[in-house]
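A structural walkthrough
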Amino acid sequence: MDGACFRETLRTNRRWPDVMAIWKKDVRIALEEERHVRANDRDYNERFSYADNRIKTAKYNVFTLLPINLFEQFQRFANAYFLVLLILQLIPEISSLSWFTTIVPLVLVLAITAVKDATDDYFRHKSDQQVNTRQSQVLIKGKLQNEKWMNVRVGDIIKLENNQFVAADLLLLSSSEPYGLCYIETAELDGETNLKVRQALTVTSDLGDDVAKLADFNGEVICEPPNNKLDKFTGTLYWKDNKYPLDNEKMLLRGCVLRNTEWCFGLVIFAGLQTKLMQNCGRTKFKRTSIDKLMNTLVLWIFGFLICMGIILAIGNTIWEQKVGSHFWEYLQWKELTINAFFSGFLTFWSYIIILNTVVPISLYVSVEVLRLGHSYFINWDRRMYYSPKDTPAEARTTTLNEELGQVEFIFSDKTGTLTQNIMVFNKCSINGKTYGDVYDEFGHKVDITEKTPCVDFSFNPLMDRKFRFHDSSLVEAIKLEEPLVQEFFRLLALCHTIMPEERNEGELVYQAQSPDEGALVTAARNFGFVFRSRTPETITLYEMGQAVTYQLLAILDFNNVRKRMSVIVRNPKGQLKLYSKGADTVLFDRLDPSNEELMSTTSEHLNEFAGEGLRTLALAYKDLDEDVFDEWMKKLLFASTALENREEKLGALYEEIEQGMLLLGATAIEDKLQEGVPETIACLTLANIKIWVLTGDKLETAINIGYSCNMLRDDMNKVFIISGHTTLEVQQELRTAKEIITGPSKDIFSSGLDMDKTELHSSDSVFEETIIAEYALIINGHSLAHALEADLEQILVDVACLCKTVICCRVTPLQKALVVELIKRHKRVVTLAIGDGANDVSMINTAHIGVGISGQEGMQAVLASDYSFAQFCYLQRLLLVHGRWSYHRMCNFLCYFFYKNFAFTLVHFWYGFLCGFSAQTVYDQWFITLFNIVYTSLPVLAMGLFDQDVNEQYSLRFPNLYRPGQLNQLFNKRKFFTCTLQGVCTSFILFFIPYGAFMSAVRDDGAHISDQQAFAVTISTSLVIVVSVQIGLDTNYWTAVNHFFIWGSLAVYFAILFAMHSNGIFTIFPNQFPFIGTARNSLNQKTVWLVILLTTVVCIMPMVAVRFIKADLYPTQTDKVRLLQQATRRQGPQEQNFRRVRRTSSRRSAYAFAHQQGYGELITSGKNMKVPTTSTSTYPLSSPTRGPAGTSSVNNSWVNDTTRDQTETYSTGFRRESDQNQEVTVEDLEAR
């Protein structure tokens, strides 16, 4: 399970039990403050009642399935309501319906849900059993014995072999690799497929595979209690009167796979449900759509309406009993107890609650789930969202949010890996105030680099990476001339990193990098003659211009999101101590020696130039260290590294202490290419009135340029506001100034918007925004955003941002991303979508209404947390404009029709009550009541909800403005609900009174009277089935063979069952259940009956047909216009979207990323050899960074200007004006006709 199970756990965690809650029931465990584990001593460890290694993710067993599942299902209002009705139907004094009319649909709904839940739970049981019965070698009584995983206990020592899953959370003791190293793959924990390194303590690695020594090992570990932090562990090992610090780099977590390591031994620290893997299997926040919330409200309203009808009919019964009913006592002598009229009215109330119960649709929820499941499969099966290079299809990871995809108004996007490819290429650099990377002609003019531009010849370097491309030969010349600072520059790149090298064959190097940035930088150093060849915890070996040079590695000051830099301290062969550092320029420049002022100014200009081209930048610096100062600092570092409390803070302070007074070397610039189709996708979504905000960790200059790259920013914009204040007052003033420029002084917009409903709020927003013709953009820095998100400023931030066409937030943290999304959700009450590809996007994805993960270069963390996933940003256009719009359209049509047919079906009893003395007599046959929703009308509405298309996919993409109705919630809202129910009420009125009036004086062909109650019921039920079938035919825009089969098949099934239930044969077998013997054939062979059915159908349908025709002719919607165009051009074949590709003068990329992860620097410097055997072959090798051509192309800005102009026209006409204008002429001609 730890492979497939964990992935499946995250995929279905909305339905899985919260496993954390299971073990938290144990009070002793819940109160655990620290854990004590003694090796090879089960008696000692059992005193603490630690969890065993058995896992249980299943919810039920054979005995608890029925009671627990029924308890869960009856927590739903609709199911509980029908259970109460069933109980009422068992009371003969108030029930005029047999109990099976309610129990059949109720049992069907409960059974379908129970089977689905049981099936899911069966697979969980199967997965649990498969995992719990895996075999592991456990050291018991001095011998290695095969034990099932479920029998492993805390404190046991386990032996793992290559390619085995780790059975529990283990402290690594020893391994087959030199100095206690082992390699693991953590893809099932964090989605990253690159191998990670773990290393045992020196004292335990010496135990090796000597079973006798391991059996005598009695060390005690005191560590943190169980938690879900995958990247942190704090503890101490006490053994032989010494204590040794433990951290996450010495732990093997359950779910990891041992790779490239023959064997290793580990001590079980956490087992079973207390492992970090299982701690992360808890439920995530359940997301519900706006239609879900509205449906719950409407069901309560319907229930209130049902109560009102019951009260009206009960009052009618009371009055009728007093004035008329008492005279019938002579003929119908009921019990004396019921003579009281008021009591009779009370019983009648409950009787009508039972009869009219079908107005609350029990099958609605099941039908909705079936539709959502079908829509999800359509997304999964869409070949146009399949990315063949990575064999990655689109995946709907939830089935509850499909229609919400058709209502998105705000998209919050990460940049690196989402808008860009996150494939890094070393592009330019600045060394000692001189830039390298540009190409000049013989006249000194800068030349654009294309694929035809000749590359630098690296043949002098036999260890070069043949995929690496660079075009400025002057840098190679500087290397060959042995310029000291240039060599120091590349020496720093070759030394300051945490990359793990693997040399499969002589000279065939593969770098396993924790981020693409590091891989690109080390590969660049490799090609320029400074080849990183191998490392141990104590040394790093480089090949400098062909000569092997070994540096003593003394310390690694690792990267994290707070430091935003990393440093190494080495001793070169001459005995000199050197500190090399690389990091964000904003951080590194603050720690430079004052003598670097002039160089820092020059390098800053170069950095701005690089950022202006959209490149990711890093600053490089170094420092010579004094021996005495370093020795004193190392003592402090050793003390801080063994601290149990605030270890990271103490280490951070020491790092800060030594990283002062550095000398600047220069800066690097890495290119991160845009994904295909990003500008076109953003332009199309903008035409759909979707606001796209970019939330990135990059610097301000790069954020601006990525905006221009994606056409979110343009030179013809009226104003680009940059908010960069460092105090609350500064930010407040900048926001107020921006607001006054946009709206004019003393205008307080949106001040009352929070009290409006969504339609009114949209109307208010759009009316005001239509008066703003100018286009503005807002760019806000991370430190300014922190102030703007405060309670006093958040409203003005929302006001200004929503008035701007483009919003870009730069230098933001993962938490700030989530806060921005939450801000818009709270103030604007719109549907939000967040899209990202890295671990730093998870909080944003979880906060938004819809989370989309892109399977990119930063692992699978975002995908595992997402609701939908695919491989390319451009697929978002199809997800929203095609699948999202269709899902919303289908769901709304389904709900409108569902409520309409239920009201038309049920309210016939209400009208009949006024003519039957309010006696709670039913109109229909009881079997018709039972089968109407689950047999006669269920499949046609499902077919419409699954396959209907108002406009095909080509036109959905060509006309993005068709997306607007979903944003305004126009297709299903409270007003639409009242319209549908009113139509249902009117239909029920016609269904009842036309046959009633016709049968008042109608006679059969033989002269006999035709108006018996049974014939009347058959006539109304037949009319009803035909009317609702015709109505769904009118509501269907896109006919398939399935629609035809279901509609005509349902009619055929109705007549087949009708004649069967009224036949002599079934009456003979069940005389009490089927009393309508011969009624169908006696009624439906009369011309009068068929004329009544025809008249009823025409009167029910024609008003709606007339209204729709007049409305489409006089007040056509955008959908009506496009559908007309689609019909007129159907013979011309499908027409693709007419966007031209945007060409750019240079690729706009991003600067230093905030998503860079903390490395394994402490492991490298732990004092043991990290040599990778050259004979070993990685099972899952990480390929070296690839490098694409850095060519650029000429620019064509006309499309951008056309798009700007066309967008304004789109909002007024509903159509995007094509370049040749033919399209709009066609529409106008059709409208004129």
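We now turn to the structure provided with this report. (Residues numbered from 1 in each chain as written. Predicted model: local features only at pLDDT ≥ 70, side-chain atom pairs only at ≥ 80, totals over all residues. Heavy atoms only, no water.)

A few points about the overall build of the chain
Which entries qualify depends on this criterion: Each helix is a run of DSSP H or I of at least 4 residues and each strand a run of E of at least 2, with the numbering of both proceeding from the N terminus. Contacts between residues were defined by any pair of non-hydrogen atoms, one from each residue, lying within 4.5 Å. Areas reported as accessible are Shrake-Rupley estimates using a 1.4 Å probe. Residue values count occlusion only from the protein chains shown.
Looking only at helices and strands, the chain features 45 helices and 35 strands. Contacts in the chain between residues far apart in sequence, at least 24 positions, make up 76% of those at least 6 positions apart. Counting only carbon and sulfur atoms, one obtains 56% of the accessible surface of the chain, whose full area is about 51000 Å².

Some remarks on the sheet that holds strand β4 (residues 157-161)
Here is the rule we go by: One requirement defines pairing of two strands: DSSP has to find at least two bridges between them.
Spatially, six strands are ordered β3-β2-β4-β13-β5-β11 in an open sheet, and the strand pairing comes out antiparallel. Edge positions in the sheet fall to β3 (143-148) and β11 (251-252), since each has one partner strand and no second. In the sheet, strand β5 (residues 169-175) pairs with strand β13 (residues 263-270) via six bridges, with the strands oriented antiparallel. Bridge pairing links S174 to F265 in β13.

A closer look at the packing of helix α12 (residues 290-323) against helix α36 (residues 974-999)
The condition that has to hold: Every angle, taken between N-to-C directions, lies between 0 and 180 degrees, and every axis is a line fitted to C-alpha atoms, over only the stretch in contact when it is a helix. Should an angle fall under 35 degrees it is taken as roughly parallel, and over 145 as roughly antiparallel, whereas 65 to 115 is taken as roughly perpendicular and any remaining angle as oblique. By the definition used in this description, the sense in which the near helix is turned from the far one sets the handedness, with an anticlockwise turn below a right angle giving left-handed and a clockwise turn giving right-handed. Residues are grouped as follows: nonpolar covers Ala, Val, Leu, Ile, Met, Phe, Trp, Tyr, Cys and Pro; charged covers Asp, Glu, Lys and Arg; every other residue, Gly included, is treated as polar.
Look at α12 against α36: their axes get within 11 Å of each other, and the N-to-C directions meet at 40°. In terms of orientation, α12 lies oblique with respect to α36. As for the relative orientation of α12 and α36, their crossing is right-handed in sense. Contact residues: L294, L298, W301 and I302 in α12; K974, F977 and F978 in α36. Grouping the amino acids of the contact of α12 with α36 by side-chain chemistry returns six nonpolar, no polar and one charged.

What to know about the sheet that holds strand β7 (residues 196-199)
Pairing is antiparallel in the open sheet, where three strands are placed in the order β7-β6-β12. Only two strands of the sheet have a single partner each, and these edge strands are β7 and β12 (257-259). Within this sheet the neighbouring strands show an average axis-to-axis angle of 45°, counted without direction. Bridging between strand β6 (residues 181-185) and β7 involves four bridges; their strand directions are antiparallel. Paired with Y183 across the bridge in β7 is V197.

A short note on a negative patch on the surface
Note the threshold: Like-charged residues within 9 Å of one another, or nonpolar side chains (Val, Leu, Ile, Met, Phe, Trp, Tyr) within 5 Å, are grouped into patches, provided each residue has over 30% relative accessible area and no salt bridge. For this analysis, a salt bridge means a side-chain nitrogen from Lys or Arg found within 4 Å of a carboxyl oxygen belonging to Asp or Glu. Note that His is not counted, nor are the chain ends; the positive residues are Lys and Arg, and the negative ones are Asp and Glu. A charged residue contributes its charge at one atom only: NZ of Lys, CZ of Arg, CG of Asp or CD of Glu.
Residues E161, D209, D210, D216 and E262 make up a contiguous surface patch of negative charge. Residue position: D209 is located in the loop between α9 (202-205) and α10 (211-216).

Looking at the environment of I479
Within the secondary structure, I479 sits in helix α15 (residues 473-480). Through-space distance from the C-alpha of I479 to that of G529 is 7.9 Å; in sequence the pair is 50 residues apart.

Focus: the environment of G272
Where we set the bar: To sort residues, take the accessible area from a 1.4 Å probe on protein chains only and compare it with the maximum for the residue type: under 20% means buried, over 50% means exposed, and anything in between is partly exposed.
Take G272: it is sitting in the loop between β13 and α11 (276-279). Overall, the relative accessible area of 0% leaves G272 in the buried class. The spacing of G272 and K56 is 216 residues in sequence and 8.7 Å in space, taken between C-alpha atoms. In contact with G272, not counting residues within four places along its chain, are D52, N53, R54, I55, R254 and M278.

Remarks on the packing of aromatic side chains
Put simply, the rule reads: Centres within 6.5 Å make a pair out of two Phe, Tyr or Trp rings, where for Trp the six-membered ring is used; the pair is then stacked when the planes are under 30 degrees apart, edge-to-face when over 60, and tilted otherwise. The rule for a charge over a ring is simple: NZ of Lys or CZ of Arg within 6 Å of the ring centre, and within 35 degrees of the ring normal.
Applying the stated criterion across every chain, the model contains 59 aromatic pairs. Among the aromatic side chains, those forming a connected cluster through ring pairs are F910, W911, Y912, F914, F918, F989, F992, F993, Y996, F999 and F1016. One Lys or Arg, R533, reaches over the ring of Y543 and ends 4.6 Å from the middle of that ring.

So, the side chain of R565
For clarity, the threshold we go by: Counting of polar contacts relies on pairs of N or O atoms within 3.5 Å, with two restrictions inside protein: one atom must be capable of donating a hydrogen and the other of accepting it, and residues adjacent in sequence are counted only when both atoms are side-chain atoms.
Along the chain, R565 falls in strand β25 (residues 565-571). Within the structure, the side chain of R565 is placed 2.8 Å from the side chain of E656, a separation counted as a polar contact. Ignoring any residue separated from it by four or fewer positions in sequence, one finds R565 in contact with L557, D558, F559, N560, K582, G583, V587, L588, R591, E656 and E659.

What about helix α42 (residues 1118-1128)?
Along an α-helix, residues three or four positions apart point the same way, because every turn accommodates 3.6 residues. Filter applied, for reference: This arc is taken over the directions from the axis of the helix to the C-beta atoms.
Those residues of α42 lying buried are T1119, K1121, V1122, L1125 and Q1126. Down the axis of α42, the buried side of the element spans an arc of 160°, and every buried residue falls inside it.

With respect to the packing of helix α16 (residues 484-495) against helix α17 (residues 516-527)
Packing of α16 against α17 leaves a shortest axis separation of 8 Å and a crossing angle of 130°. Classified by the angle between their axes, α16 and α17 sit oblique to one another. As α16 runs across α17, the sense of the crossing is left-handed. Contacts from F490, L493 and A494 of α16 reach α17 at L521, V522, A524 and A525. Considered class by class, the residues forming the contact of α16 with α17 number seven nonpolar, no polar and no charged.

With respect to the pattern of salt bridges
Summed over the entire model, instances satisfying the criterion amount to 34 salt bridges. Residues R878 and D382 are paired through a salt bridge, measuring 2.5 Å at the closest nitrogen-oxygen approach. In this pair, R878 sits in helix α31 (residues 875-913) while D382 sits in the loop between α14 (364-380) and β14 (395-396), placing the two residues 496 residues apart along the sequence. Comparing R878 with D382 shows no difference in burial state: the two are buried. Ionic contacts of the salt-bridge type, sharing partners, join the residues E488, R491, E544, K578 and D624 into one network.

Some thoughts on a nonpolar patch on the surface
Taken together, I312, F914, L915, Y996 and M1000 make up a surface patch of nonpolar side chains, about 460 Å² in accessible area. Position of L915 relative to the elements: it lies in the loop between α31 and α32 (926-936).

Side note on the pairing of strand β22 (residues 530-535)
Along β22, five of the six residues are buried, which leaves the element largely enclosed by surrounding structure. As paired elements, β22 and strand β23 (residues 539-544) share five bridges and run antiparallel to each other. Bridged to V531 within β23 is Y543.

Digging into the nonpolar core
The test is simple: Definition of nonpolar core: a set of buried residues of the types Ala, Val, Leu, Ile, Met, Phe, Trp, Tyr and Cys, connected through side-chain atoms within 4.5 Å.
Counting 97 residues, the largest nonpolar core has F894, L895, Y924, F928 and L1024 as its most contacted members. Of the residues forming this core, the biggest block, 18 residues, is contributed by α31. Setting aside its immediate chain neighbours within four residues, F894 contacts L364, S367, V368, L371, V941 and M944. Formed by 52 residues, the second largest nonpolar core is a distinct cluster that contains Y436, C496, F528 and Y551.

Structural notes on the side chain of R890
Relative to the helices and strands, R890 is located in helix α31. Looking at R890, its side chain comes within polar contact range of the main-chain oxygen of L946, at 3.3 Å.

Observations regarding the environment of G546
Structurally, G546 can be placed in the loop between β23 and β24 (547-557). Note on G546: relative accessible area 55%, which makes it exposed. On a C-alpha basis, the gap between G546 and P462 in space is 8.3 Å, while along the polypeptide they are 84 residues apart.

As for the pairing of strand β33 (residues 831-836)
Counting buried positions over the six residues of β33 gives six, a clear majority of the element. Here β33 shows two buried faces, one formed by V831, L833 and I835 and the other by T832, A834 and G836. Relative to β33, strand β15 (residues 408-413) runs parallel, the two being bridged by five bridges. Counted as the bridge partner of F410 is T832 from β33. Of the pairings in the sheet, the one linking β33 to strand β34 (residues 850-854) comprises four bridges and is parallel in character. Bridge pairing links G836 to G853 in β34.

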